[in-house]
Structure formats: structure tokens, C-alpha cells
Amino acid sequence: MADEDWQRRVRTVWWEIDAQGAAVCLVDQTLLPQQVSYLHLRHEHDVAEAITTLKVRGAPAIGVTAAFGIALGLYRFCNRHRQQEEQITSAKALAHVKEVGALLGSTRPTALNLFWAIARMIDCAEEVARMQATAEQMLQRLSQEAQAIADEDAEACWQMGQYGATLISDGDILLTHCNAGALATAGIGTALAPIYTAHKSGKHIHVYVDETRPVLQGARLTAWELQQEGVPLTLIADNMAGHFMRHGGIRAVFVGADRIAGNGDVANKIGTYSVAVLASVHQIPFYVVAPCATIDLTLASGEQIPIEKRPLDEVTTMRGIVIAPAGVRVANPAFDVTPHQYVTAIITERGIARPNYEETLRQHCRAKNPGKVDA
Ligand code: MRU
């Protein structure tokens, strides 16, 4: 069971109803670590904008945000019609839910959790519509479903922490890339969950944190999060990873994932592939930690995973300062794909999956209830 005190410290995304009405609440991650500023978003367009501009980011967190965003869209729809004293049929409410789902689904293409959460919310709305319930009843049901998605994510993080921590020994030096911690989820994180769990259990560990160009999720978010939890760390520029694998005694790499294909190929933050190849050369285990909601069994290989291309000024500027010559040709893929051959194991909320991933990932996704799958 999740340790609630621990989870209360970092609030990434939640749903609130106050005097002004319903809001999707977020810590604005673009301002971290200098400023901890919370946003109360009251329109689904603002939720979509927050996802696109990385105010909220990380695969599970954007899934949870989209689920709350759909509930918010329906809340506003019901309110508008209530004010006009108009009756809304559940069919109309369902059509609106689908529209909001399409809006939120157009924000970022790579993380499966986003589409998984939207599909789950739409399925739920369809079920309510079939029962000819009122739009208000649909709203109540969808806010519960969004909260369930958030709660299940927190529980999945906790489980991944328990399983993943068994792979960490006292004295280990680890490396992580991007931010796959509490800020990327509704719980304690994916890749950072085993690290927090091992640290909390008294194991002495040290974490090398890649800064993660171009948006610096490692430097700004992971370094901040680990520091808050008292986990010893060293922040390094991305191009130092090989050096520290050779000379720094790194014993394992832990990363998260945005989408995992059926054969175990993993899409994660750009630069993950280079880290995996380096880890393989240095015979360092490379672990991917992600919930089953990130696993896309409809894709045979990582070649089919859509890779988001982000604005070029993320590369040519750093926090508003131009660092490249005007007119230079630039590329900015936000993710890369690590072939499954480089992945030592994939840790989900159901246990530790090892190759052959075509079989073991299916076993993890088939298991209905959280609980260990021996794979
Ligand atoms: O572009 P971002 O910051 O959303 O990318 C996040 C990552 O790549 C994470 O490693 C991934 O979502 C796993 S998070 C638990």
C-alpha cells in the first residue's frame, strides 16, 4: 500500500472543486525548481495547453491530467446547460466527452498513457450513455473514473518501487535519464520509485542524473526531486554518462518509458537510446520501469511508435537565451526508441518482465489484478 505521507509532499496533478467551480490543478513544471507555482485550470483548452507546453509532463501524469481534463470539459458543459435551464441527453454529453477527448489527444503523440486514459474515460461515458442516465450522472461517474485513474497510477508506482528495489543493492551507484519521478506521475514515479524505495529501506545509494537536454528534465526536475527526498545525487551533462559508466562505478541504469512496443522496444526521452548502448558496452544492466498503461501490444516493434517533434527553439535557446546562430538547421525529436536487445528487464506494477518480451509483456498486461506475475 502506498505511503500517503510520502505522496502528499509532491503534488503533481489533482482535481479540486472550490468557490469558483471545478479545476484541474497542477504544479507548473516549466517554472521548477526556481518557483513552485500551482495552476488551477478551469477550461479544457487550458488543460490541453498545459500538456503541450510541458507545464505537466511525463507519460502517466499526462494521462491522469487528460482524464481530469475530460471530467472538467463535461463539468463546464453541464454547467452551461444548467444555467440555460436546458436538458441535456446523455448522447449529447457523450458527444461532448468525445470532442474533449479528441482535443486532449491532439496534444502529444508519443506517450501511450495519454490515449489509454482518454479511451478509458470515453468507454466509461459510453457505458453511462447506454444506461440512459442523465448528463449529471455521467459527470459524477467520470469524475470518479478520473480519480480512479490517478489512484491506480499512485498504487502502480508503489508496486513498481517494491519490485524494482529488489534489483538495487546497498552501496549501488545508479544512473537515470529525464524525469520519471513523482512529477511525472500521480504517485512516487516510475524509474525513481525503486530508487526511493531502496533509499527509504536504508540502502545507501548514489544516483547520477543526466541533465537531459534540451528541456533539462534531469537538471530541473529529477535533481530537485531527489534532493527533496534526501537521495544523494550527482548531476551530470548528458555527454558525461559514458565517462562515469567507465570510471564512476555505475551499477545499473533506471529509466521510464512513454510507450513500449509488444516486442519490448522502448520509446523514452531523447538520449535514452545512447545511454542504453553505453550501458550495454559497459555491461551495466539497463532497467525500464513503466506501468502496463504504457505497453502498446498493438505495435509489433518500436519502429511504429510515433515520435513527437517539438519546437526548434527548445534547442536553439536555453530559458530564453539564444545559444545558436540564427538560421541554423535544427532537429528536435522529443523521444528515441531503444531496441529491446538493450533492455535487461522491464518492471511493471505486476513484477519484473525479462526477455522474451513478446511473451512476458503479454502476461503482465493480461493479469487483471495487481499482483506478481512471474515473468
Ligand atoms: O517530454 P516529457 O518530459 O514528457 O518526457 C518524459 C519522459 O520521457 C519520461 O521518461 C517518461 O514519460 C516516463 S515518466 C514516468
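Residues numbered from 1 in each chain as written. Predicted model: local features only at pLDDT ≥ 70, side-chain atom pairs only at ≥ 80, totals over all residues. Heavy atoms only, no water.

Counting its secondary structure elements, the chain contains 12 helices and 16 strands. For 375 residues, the compact-globule estimate of 2.2 N^0.38 gives 21 Å, and the chain sits close to it at 21 Å. Within the chain, the fraction of its 375 residues that count as buried is 57%. Pairs at least 24 residues apart make up 73% of the contacts formed inside the chain by residues separated by at least 6 positions. Of the roughly 15900 Å² of accessible surface on the chain, a fraction of 52% belongs to carbon and sulfur atoms. (Helix = DSSP H or I, 4+ residues; strand = E, 2+ residues; numbered from the N terminus. Rg over C-alpha atoms; globule rule 2.2 N^0.38 Å. Buried < 20%, exposed > 50% of the residue type's maximum accessible area, 1.4 Å probe, protein only. Contact = heavy atoms within 4.5 Å. Areas by Shrake-Rupley, 256 points an atom, 1.4 Å probe, with all protein chains shown as cover.)

So, about the sheet that holds strand β14 (residues 335–338). Pairing between the strands of a sheet is mediated by backbone hydrogen bonds and can be parallel or antiparallel. Spatially, the 4 strands line up as an open sheet ordered β11-β8-β9-β14, and their pairing is mixed. With partners counted over all chains shown, the strands left at the sheet margins are β11 (295–296) and β14, one partner each. In this sheet, β11 lies alongside strand β8 (residues 259–261) in parallel orientation, the contact comprising 2 bridges. Bridged to I260 within β11 is I295. (Pairing = 2+ DSSP bridges.)

A separate point is the environment of R246. With respect to the element layout, R246 can be found in helix α9 (residues 241–247). What makes R246 exposed here is its relative accessible area of 64%. For the pair R246 and A279, spaced 33 residues apart in sequence, the C-alpha to C-alpha distance is 9.5 Å.

Should the sulfur atoms of two cysteines be covalently bonded, the bond is a disulfide. Within this structure, the stated rule accounts for 0 disulfides. The thiol sulfur of C292 is not disulfide-bonded, and the nearest other cysteine sulfur, from C365, lies at 4.4 Å. On the basis of relative accessible area, C292 is assigned to the buried category, the value being 12%. Owing to a relative accessible area of 25%, C365 belongs among the partly exposed residues under this scheme. (Disulfide = S-S within 2.5 Å.)

Our focus in this paragraph is the sheet that holds strand β15 (residues 345–348). Ordered by their spatial adjacency, 7 strands build an open sheet running β6-β5-β4-β7-β10-β15-β16, and the pairing between neighbours is mixed. Of all strands in the sheet, those bounded by a partner on one side alone are β6 (233–236) and β16 (351–353). With strand direction ignored, the average angle separating the axes of adjacent strands in the sheet is 25°. Bridge count for strand β7 (residues 252–255) against strand β10 (residues 286–289) is 3 bridges, and the pairing is parallel. If you follow V255 over to β10, its bridge partner there is V288. (Axes fitted to C-alpha atoms, helices over the stretch in contact; angles between N-to-C directions.)

Moving on, we get to the site of the ligand. Inspection of the region around the ligand gives 17 residues, with R108, Q217, D258, N268 and K269 positioned closest. In the model, an oxygen atom of the ligand is placed 2.9 Å from a nitrogen or oxygen of the A59 main chain. One of the side-chain nitrogen or oxygen atoms of D258 is found 2.8 Å away from an oxygen atom of the ligand. Within the complex, 99% of the 420 Å² of free accessible area of the ligand lies under protein. Of the residues assigned to the shell around the ligand, the class counts are 7 nonpolar, 6 polar and 4 charged. Here the shell around the ligand gathers at least three residues from each of two domains, domain 1 (13–157) and domain 2 (168–366). (Near = heavy atom within 4 Å. Polar contact = N/O pair within 3.5 Å; in protein donor to acceptor, adjacent residues only side chain to side chain. Nonpolar A, V, L, I, M, F, W, Y, C, P; charged D, E, K, R; others polar. Domains from an automatic or database assignment.)

In this section: the domain arrangement of the chain. Domains assigned within the chain are domain 1 (13–157) and domain 2 (168–366). In this structure, domain 1 and domain 2 have C-alpha centres spaced 27 Å apart. Counting from both sides, the interface comprises 29 residues of domain 1 and, opposite them, 35 residues of domain 2. Of the roughly 2400 Å² buried at the junction of domain 1 and domain 2 (both faces included), carbon and sulfur atoms supply 57%. Across the contact surface, domain 1 and domain 2 share 1 salt bridge. In this structure, R108 engages E308 in a salt bridge whose closest nitrogen and oxygen atoms are separated by 2.9 Å. At the junction of domain 1 and domain 2, the tally comes to 16 residue pairs in polar contact (both at pLDDT 80 or more). Elements supplying a minimum of two residues to the side of domain 1 that touches domain 2: α3 (59–83), α5 (112–130) and α6 (135–165). (Buried area = accessible area lost by both parts, 1.4 Å probe. Salt bridge = Lys/Arg side-chain N within 4 Å of Asp/Glu carboxyl O.)

If charged atoms from side chains of opposite charge come close, those side chains can pair. Under the definition given, this model contains 12 salt bridges. Residue E126 pairs with K98 through a salt bridge whose shortest N-O separation is 3.1 Å. Pair noted here: E126 is in helix α5 and K98 is in helix α4 (residues 90–105), with a separation of 28 residues, a long-range link. You can call K98 partly exposed: its relative accessible area is 37%.

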